[in-house]
Amino acid sequence: MIYLILAILCSALISVLMRISQEKRKSDIGMFIFNYAVCSILGLIYTPLGNISFHTEKIPYTIILGVVSGVLYLASFALFQQGIKKNGIVLASIFMKLGVLIPVLMSIIIFRESPKILQIIGIVLSIAAIIVFNFDKKGMSAGGKIVLLILLLVVSGFADSMVNIYNKIGNSSLSDCFLFLTFFFAGISSLVLYFVKKEKMGWWDVLFGVVIGIPNYFSSRFLLLALRSVPAVVTYPVYSVATILVITLVGILAFKEPISKQKIIGLILVVAAVAALA
């Protein structure tokens, strides 16, 4: 459970740093390039290169899943950006966060994990908490593209699922190699998109990209380690809603955000969900 807690804290730190950088950064893609560069370097540092060859057990799985995972990372980001344009940030955020349904359903249907009744209640409460925290009538965009939102949910969900898929069928000794490949190909994809969109980055993009890259890498690493001891049907919902809880508390305490009735209800749902899942 300690790895899950560390993954949650790292994930929350990413969101806090993203918020701090919001007014300073010029290019999201530029920031992601340096973010993924740092993640790739950390992945390479932890990868035992001396023990890896083309004859290493399950190395093809590691390469294929790493490449697919990296591409999905960027695809979910690109779809999220399009979702904001077509449907507004509220609906886009809700559907992206509801992507947690994909790894949960995959764990039950494909990997035959059997959640208990209390855990099922916890999953339902987690979904309710995600919707409550992100729902805002004023921010709803009329006439949104529902197909785009569903695609965002599926792609972001599969991007999140790749860690669990690797945990189930990959070689655990190559997990850091898998993470390196994931972030390396996400970085390459970001670089291509950067030149296609002809964006220009500033020094703040570089700085925040480097800083955010550290918790970003370790959130994935700790999540992968957590999945080895905690069932995915528990890990993913707890990881999702507990991160929201930490971010909300930081927002209230550090950024002096007002405590609305909606947030209070959301916090109660999060606590209830974590209690049911733990």
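Small disclaimer: the values here were computed from a predicted structure and weren't measured.

Visitor: How should the overall build of the chain be read in this particular structure?
Guide: Each helix and strand counted, the chain has 11 helices and zero strands in total. The order of α-helices and β-strands along the chain, N terminus first, is α-α-α-α-α-α-α-α-α-α-α. Taken over the C-alpha trace, the chain has a radius of gyration of 18 Å; the compact-globule value for 278 residues is 19 Å, and the two agree within 12%. Seen through its C-alpha atoms, the chain measures out along the principal axes to roughly 55 × 50 × 35 Å.

Visitor: When you look at helix α8 (residues 175-197) in this model, what are you seeing that I'm missing?
Guide: Count 3.6 residues to each turn of an α-helix, and residues three or four apart come out pointing the same way. The end-to-end C-alpha separation of α8 is 33 Å, in line with the 33 Å expected for 23 residues at 1.5 Å each. Remark: K198 follows α8 within two positions and exhibits a positive phi of approximately 55°.

Visitor: Looking at this structure, I do not really get the environment of P231. What am I missing?
Guide: Note that P231 resides in the loop between α9 (203-226) and α10 (232-253). A relative accessible area of 40% means that P231 is categorised as partly exposed.

Visitor: How should the side chain of T243 be read in this particular structure?
Guide: Following the sequence through the fold, T243 ends up in helix α10. When near neighbours in sequence (up to four residues on either side) are disregarded, T243 contacts I8, S11, A12 and V238.

Visitor: I would appreciate a short explanation of the nonpolar core in the present structure.
Guide: Nonpolar side chains in soluble globular proteins tend to end up buried together. If you look at the biggest cluster of nonpolar residues, it comprises 79 residues, and the most contacted ones within it are F95, F183, Y217, Y236 and V238. Sorting elements by how many residues they give to this core places helix α7 (residues 146-169) first, with 10 residues. With sequence-adjacent residues up to four places away left out, F183 is seen in contact with Y36, C39, S40, Y73, N216, Y217 and S220.

Visitor: I'm lost on helix α2 (residues 28-46) in this one. Help?
Guide: For α2, which comprises 19 residues, the first-to-last C-alpha distance of 27 Å matches the rise-based estimate of 27 Å (1.5 Å per residue) to within 8%. Along α2, the residues that are buried comprise I29, G30, M31, F32, I33, N35, Y36, V38, C39, S40, L42 and G43. For α2, the secondary structure elements touched by its buried residues are α1 (2-21), α3 (59-87), α8 and α9.

Visitor: Quick question: what am I supposed to make of the packing of aromatic side chains here?
Guide: Think of a pair of aromatic rings as described by two things: how far the centres are apart, and how the planes are tilted against each other in angle. Considering all chains together, one arrives at 16 aromatic pairs under this definition. With centroids separated by 6.0 Å and ring planes inclined at 20°, the aromatic side chains of Y46 and Y217 adopt a geometry described as stacked. Placement of Y46 in helix α2 and of Y217 in helix α9 is noted, with a sequence separation of 171 residues between them. Under the relative-accessibility criterion, Y46 is labelled partly exposed at 36%. Here F184 and F185 contribute two aromatic rings whose centre-to-centre distance is 5.4 Å and whose plane-to-plane angle is 90°, an arrangement assigned as edge-to-face. Since its relative accessible area comes to 27%, F185 is described here as partly exposed. Through a chain of ring-to-ring contacts, the aromatic side chains of Y3, F32, Y36, Y46, Y73, F77, F183, Y217, F218 and F222 assemble into a single cluster. If you follow K24 out to its NZ or CZ, it ends over the ring of W204, 4.6 Å from the centre.

Visitor: How do you make sense of the pattern of salt bridges when you look at a structure like this?
Guide: This structure, assessed with the given rule, holds six salt bridges. Between K263 and E257 there is a salt bridge, with its nearest N and O atoms 2.9 Å apart. A network of salt bridges, in which partner residues are shared, links R19, E257 and K263.

Visitor: Hey, could you run me through the packing of helix α5 (residues 101-109) against α10 in this one?
Guide: Geometry of a packed helix pair, given as the angle between the helix axes and the separation of the axes. At their nearest, the axes of α5 and α10 sit 9 Å apart, and the two run at 170° to each other. For the element pair α5 / α10, the angle class is roughly antiparallel. Side by side, α5 and α10 meet where P103, V104, S107 and I108 of the first sit next to A232, V233, Y236 and P237 of the second. In terms of residue class, the contact of α5 with α10 is built from seven nonpolar, one polar and no charged.

Visitor: It is not clear to me how the side chain of R221 should be interpreted in this structure. Could you clarify?
Guide: Topologically, R221 is positioned in helix α9. Those residues within four positions of R221 in sequence are excluded, and the remaining contacts are Y46, D176 and L179.

Visitor: Looking at this structure, I do not really get the environment of V210. What am I missing?
Guide: Summarising the element assignment, V210 is placed in helix α9. A relative accessible area of 35% places V210 in the partly exposed class. For the pair V210 and A37, spaced 173 residues apart in sequence, the C-alpha separation works out to 7.8 Å. For V210, the residues in contact, after removing those within four places along its chain, are F34 and V38.

Visitor: I tried to follow a nonpolar patch on the surface on my own but got confused; where do I start?
Guide: Among the surface-exposed residues, M1, I2, Y3, I5 and L9 lie close enough to one another that they form a single nonpolar patch of about 480 Å² accessible area. Considering the arrangement of structural elements, one finds Y3 in helix α1. Residue classification places Y3 among the partly exposed positions, given a relative accessible area of 36%.

Parameters at a glance
- Residues numbered from 1 in each chain as written.
- Predicted model: local features only at pLDDT ≥ 70, side-chain atom pairs only at ≥ 80, totals over all residues.
- Heavy atoms only, no water.
- Helix = DSSP H or I, 4+ residues; strand = E, 2+ residues; numbered from the N terminus.
- Rg over C-alpha atoms; globule rule 2.2 N^0.38 Å.
- Expected span 1.5 Å × (residues − 1).
- Buried < 20%, exposed > 50% of the residue type's maximum accessible area, 1.4 Å probe, protein only.
- Contact = heavy atoms within 4.5 Å.
- Core = buried A, V, L, I, M, F, W, Y, C linked by side-chain atoms within 4.5 Å.
- Phe/Tyr/Trp six-rings, centres within 6.5 Å; stacked < 30°, edge-to-face > 60°.
- Lys NZ or Arg CZ within 6 Å of the ring centre and 35° of its normal.
- Salt bridge = Lys/Arg side-chain N within 4 Å of Asp/Glu carboxyl O.
- Axes fitted to C-alpha atoms, helices over the stretch in contact; angles between N-to-C directions.
- Parallel < 35°, antiparallel > 145°, perpendicular 65-115°, else oblique.
- Nonpolar A, V, L, I, M, F, W, Y, C, P; charged D, E, K, R; others polar.
- Patch = residues over 30% accessible without salt bridge, like charges linked within 9 Å, V, L, I, M, F, W, Y side chains within 5 Å.
- Areas by Shrake-Rupley, 256 points an atom, 1.4 Å probe, with all protein chains shown as cover.

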